[in-house]
Every structure is written in C-alpha cells, then in structure tokens.
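# Per-entry structural report
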Amino acid sequence: PLAPPPSLMAMLPVWFMTSVLFNFLTPLLVKMLDNQDVTFLELSVTVSFGFAILRHQGLPLLPPMSKLPKWLLLGMLHLIGCRCFVWGLSFIPVSLAQTIRASSPVVAVPISCAVFGERYSWQVLLPLLVILFGFALSVGVDVAGTNLAGCGAALASLCCLVLVNGGSKSENNNPLSMQFWVCMFAWLSLLPMWLYSGGPGRLGSLDCDRWRLAGLVLADGAMYYIEQAAQSQVLKELPFVSFAVTDTLRRLAIVCVSGFLIQGNPCTPQNGLGILLVLSGAISYNIMNARFSRSSETSSVKKSD
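Below is a short write-up of the structure. Being a predicted model, the structure only gives us computed values, none of them experimental.

The next thing to look at is the pattern of salt bridges. Under the criterion given, the structure shown has 6 salt bridges. Its salt-bridge partner being Glu227, residue Arg250 comes within 3.1 Å of it at the nearest N-O pair. Taken together, the residues span a long stretch of sequence, with Arg250 in helix 11 (residues 240–262) and Glu227 in helix 10 (residues 210–237) at a distance of 23 residues. Here Arg250 and Glu227 have matching classes, each one buried. Linked by salt bridges that have partners in common, Glu227, Asp247, Arg250 and Arg251 make up one network.

Structural data, given as structure tokens:
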C-alpha cells in the first residue's frame, strides 16, 4: 500500500490536539455565557481567522455563483448540527450524545455508496459495529431512561455532520476555502436569530472578568478554526468512510484526554475494554479495507486484460 501523504500525517495530530483543546475550552465558556452566545462567538472568531487567512493566501472569499446555494445549505446544516447537539444535551447524558455522533461511520456508508460510488464488503463493515460498541463502553454510556427527543436531536446532529462532510468532499476546492464557506454561512444563518433573541443585550449585561472572557473566546475560536481547517484537509485526503472512522478515533482521544486525564474521571475496566475495542476495530477496518481494495484492483486488471 502507498504511504500516507505528508500533508495527512501533519494534519492528523493537529486535528486531534486542537479538538481536545477546543472541547476543554468550550465548557468554560458555557459556564459564563448562554450556549447560543457561545456558538455565535465561536463562529465569529473562526470566520474572522478564515477571512484573514484567505485574503493572505489570495483565495476566493465566496464560492462560484453556481455553487452558492449548495454552500449556503451546507452552512445551515452545520449550524443545525451544532444547535441540535447542544439542545439534545438538555435531555440525554453527554456520553450517549457522543456515542450517537461517534456512529458516523455507519451513516457514512450509504452516503459514500450513493455520492462517491464506493462499495464495501461485509468483512469491511463489520469492524464499524465493533468500533461503535467499543465507543459506547469507553464513555460508559447509560441508556436507562433514554429520552427520545434528546436521542432524536443527537441523531439529527449526526446526520447534518455527515451530510456537511459528504457535501464538502464532493467539491474539488481548497480545504481552507471549504472550511471558511461552511462556517461563514453558518454564522450568517445564526446572526438574525442571535440578534432577535437579544444576543447583544446578553453580552452587554455580563457581570464577569471581561479580559478573561475575551481571552477564552479568542483561544476557543482559534482552536475551533484550526480544528476545522485541519479536518477539511484530512477529509480531502481520506476516503469518506475512512475519514468517519478517523473522526471516531478523534472523539475517543477527546474522551481519554479530557475525561480521564484533565477531569480526572476514573478509567474503569469497562472503559478500558471499550478503548481496546475501538482501536482494534479501527485496525481491523483498515486491514480489511486494504485487502478489499487490492482485490478490487486485481479484478479490474484481469477484466481489462
């Protein structure tokens, strides 16, 4: 098999590390601000960074006019996904919500088949179920008293996430441009609702350390921008389902670092077993996917002969 491109090897650790930092900083802001204000400020900083980078790189600030409706839709889906996830947390535990979102490889398979024409054998797909089961164990998910509204919101968030990634990957644009367009249109979609709900008044009436808040917002938004930019680069380099598997590994890294190391939550034998299942499932997927790809290539060569 060909070695991974250097750009992919460089972006993966950046994507994982900034995701961990972003998920550490965001809860600090949620304790100080309304969650809609957090989303608005995160997107505002991200769009500002993206605007500056694109101007510096000489990249277009807007997509081609023929593609404008599509990118507007992807931006709206990105926003809906973010808001559904946060709203769902009012009804279900974070562990269950993250497990639902970690099942993105399962949702990515039909989209990959429909949009990119990729086909997978059952031997390739079986490890995806192992990954999902392992992730549920690793976060200690508890389905007792599950709320249908919360699960539905998390599922809607997952579908929006996969659709945005699939729609972005189907376009042959610079990853930095794609990241900016999605976040810019998400910000523009949120702006009227934020203004109507009294966002400026809420920020103006805050009674807290303004310098600390500004520093947190800037750091959180910077991590969000770098995370999204790195994710766009990884999305461009990897096949769609392989990207979804990698995204689940990223979520596992967030659980391990934020939950077990930073917050000091105990890692039980159940959690440890779940982590091993996720890692072994990802390895099995890559092995089986490589074998299936080589078999397909061999069959194609024989048919051409």
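The next point concerns the side chain of Ser104. Secondary-structure assignment places Ser104 in helix 5 (residues 104–116). With sequence-adjacent residues up to four places away left out, Ser104 is seen in contact with Leu158, Val162, Ala244, Asp247 and Thr248.

With 23 residues, helix 2 (residues 35–57) ought to run about 33 Å at 1.5 Å a step, and its terminal C-alpha atoms sit 33 Å apart, in line with that. Of the residues one or two after helix 2, Gly58 is the one with positive phi, at around 75 degrees.

Okay, the packing of helix 2 against helix 8 (residues 175–196) next. Contact geometry for helix 2 and helix 8: axes closest at 9 Å, N-to-C directions at 140 degrees. As summarised for this structure, helix 2 and helix 8 are arranged oblique, according to the angle between their axes. The two elements helix 2 and helix 8 cross, and the hand of that crossing is left-handed. Counting all contacts with helix 2, which are made through Gln36, Asp37, Thr39, Phe40, Leu43, Ser44, Thr46, Val47, Gly50, Phe51, Ile53 and Leu54, the residues of helix 8 involved are Leu176, Ser177, Gln179, Phe180, Cys183, Met184, Ala186, Trp187, Leu190, Leu191, Met193 and Trp194. Of the residues in the contact of helix 2 with helix 8, the class split is 16 nonpolar, 7 polar and 1 charged.

Moving on to empty space enclosed by the protein. Scanning the entire structure with this criterion turns up 1 cavity of 30 Å³ or more. Along its surface, the largest cavity is lined by Ser104, Ala108, Leu161, Val162, Asn165, Phe240, Phe243, Ala244 and Asp247. At the level of elements, helix 5, helix 7 (148–169) and helix 11 are the ones that each hand at least two residues to the lining of the largest cavity. The leading source of residues in the lining of the largest cavity is helix 11, at 4 residues. Residue composition of the lining of the largest cavity, grouped by class: 6 nonpolar, 2 polar and 1 charged.

Scanning the entire structure with this criterion turns up 8 aromatic pairs. Pairwise contacts between aromatic rings join Trp15, Phe16 and Phe243 into one cluster. Residue placement shows Arg101 over the ring face of Phe85; its charged tip is 4.6 Å from the ring centre.

Turning our eyes to something else, we now look at the nonpolar core. Residues Leu128, Phe135, Val241 and Tyr285 are the most contacted members of the largest nonpolar core, which totals 37 residues. Those elements that provide at least two residues to this core are helix 1 (6–30), helix 4 (94–102), helix 5, helix 6 (122–138), helix 7, helix 10, helix 11 and helix 12 (269–304). At 8 residues, the largest contribution of residues to this core is made by helix 11. Discounting chain neighbours no more than four positions away, the residues touching Tyr285 are Tyr120, Val124, Pro127, Leu128, Val241, Ser242 and Val245. Counting 33 residues, the second largest nonpolar core, distinct from the first, contains Phe22, Leu43, Leu77 and Val164.

Conventions we followed
- Residues numbered from 1 in each chain as written.
- Predicted model: local features only at pLDDT ≥ 70, side-chain atom pairs only at ≥ 80, totals over all residues.
- Heavy atoms only, no water.
- Salt bridge = Lys/Arg side-chain N within 4 Å of Asp/Glu carboxyl O.
- Helix = DSSP H or I, 4+ residues; strand = E, 2+ residues; numbered from the N terminus.
- Buried < 20%, exposed > 50% of the residue type's maximum accessible area, 1.4 Å probe, protein only.
- Contact = heavy atoms within 4.5 Å.
- Expected span 1.5 Å × (residues − 1).
- Axes fitted to C-alpha atoms, helices over the stretch in contact; angles between N-to-C directions.
- Parallel < 35°, antiparallel > 145°, perpendicular 65-115°, else oblique.
- Left-handed = near helix turned anticlockwise from the far one by under 90°.
- Nonpolar A, V, L, I, M, F, W, Y, C, P; charged D, E, K, R; others polar.
- 1 Å grid on protein atoms, 1.4 Å probe; cavity = no way out; pocket = protein on both sides within 12 Å on 5 of 7 lines; lining within 4 Å.
- Points joined across faces, edges and corners; volume = space filled by probe spheres on them.
- Phe/Tyr/Trp six-rings, centres within 6.5 Å; stacked < 30°, edge-to-face > 60°.
- Lys NZ or Arg CZ within 6 Å of the ring centre and 35° of its normal.
- Core = buried A, V, L, I, M, F, W, Y, C linked by side-chain atoms within 4.5 Å.

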